Amino acid sequence: SVLLGLLAGAGFAEKIELGPGKTLLLTLPPAWTATEAPARPPGFPELGRSVRYATRSGSNDPVLITVLPVPDDRFSDPENLRAVAEIAAQQFVTGSVEGKVSLKEAKFGGTAGFTATFTDARLVGKPSIKEDYKAMTACFIYLGERIMVTATIFTDEIDGKAYTEALRILKSMSLQLPDDKI
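Below is a short write-up of the structure. No experiment lies behind these values; they were computed from the predicted model shown.

We now examine the packing of aromatic side chains. All told, the structure shown has three aromatic pairs when counted by the stated rule. Here Phe92 and Phe118 contribute two aromatic rings whose centre-to-centre distance is 5.8 Å and whose plane-to-plane angle is 45 degrees, an arrangement assigned as tilted. Taken together, the positions of Phe92 in the loop between α2 (78-89) and β6 (104-108) and Phe118 in strand β7 (residues 111-119) put the pair 26 residues apart, joining distant regions of the chain.

Time to look at helix α3 (residues 161-171). Taken together, the buried positions of α3 are Ala162, Tyr163, Glu165, Ala166, Ile169 and Leu170. For α3, the buried positions fall inside an angular range of 160 degrees around the axis, keeping them on one side.

Okay, the nonpolar core next. Ranked by internal contacts, the top residues of the largest apolar core, which has 26 residues, are Leu26, Tyr53, Ile65 and Leu170. Broken down by secondary-structure element, the contributors of at least two residues to this core are β2 (22-28), β4 (49-55), β5 (63-69), β6, β8 (135-144), β9 (147-155) and α3. It is α3 that contributes the most residues to this core, five residues altogether. Dropping the residues within four chain positions of it, Leu170 is found in contact with Val63, Ile65, Phe108, Gly109, Cys139, Ala151 and Ile153.

Each value, and the rule that gives it
- Residues numbered from 1 in each chain as written.
- Predicted model: local features only at pLDDT ≥ 70, side-chain atom pairs only at ≥ 80, totals over all residues.
- Heavy atoms only, no water.
- Phe/Tyr/Trp six-rings, centres within 6.5 Å; stacked < 30°, edge-to-face > 60°.
- Helix = DSSP H or I, 4+ residues; strand = E, 2+ residues; numbered from the N terminus.
- Buried < 20%, exposed > 50% of the residue type's maximum accessible area, 1.4 Å probe, protein only.
- Arc of directions from axis to C-beta.
- Core = buried A, V, L, I, M, F, W, Y, C linked by side-chain atoms within 4.5 Å.
- Contact = heavy atoms within 4.5 Å.

Structure, rendered in structure tokens:
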């Protein structure tokens, strides 16, 4: 079928089961694949479900997505989401070219979220080093139904194709509930 061919060229659907009938859906471009998420250090509890995607070419551009259950809907208020994003992004300020958190509002999966991008001052003008990234964008998204998503896009080229595709992956996210039919 022509439609199936068009969908295949655009990427493929990825499902992340979250429990009690909730599923995070997203679309991966054909050049991307799921990879092993980094292990938690000993003694640190697993707070949510983490997945990692990277380009099949092995470029230095992975995206790490963590889905966190939250106790209530307080993050449906954009000001509450902004406040938690501001606090969480502070950890990336030291050593960054930016020297401060500059949050930008963005649409993810039909809902508002916030991003903050940081450039590693040590790596400006230097060649790429595998798994040591020149820039990163932290994303904070509340999908509703007490599901918060934090995502980090790592890259050496903030204007590169892989970075643009990583943003597209995040913007494709949606939450499927038990009553939803596909």
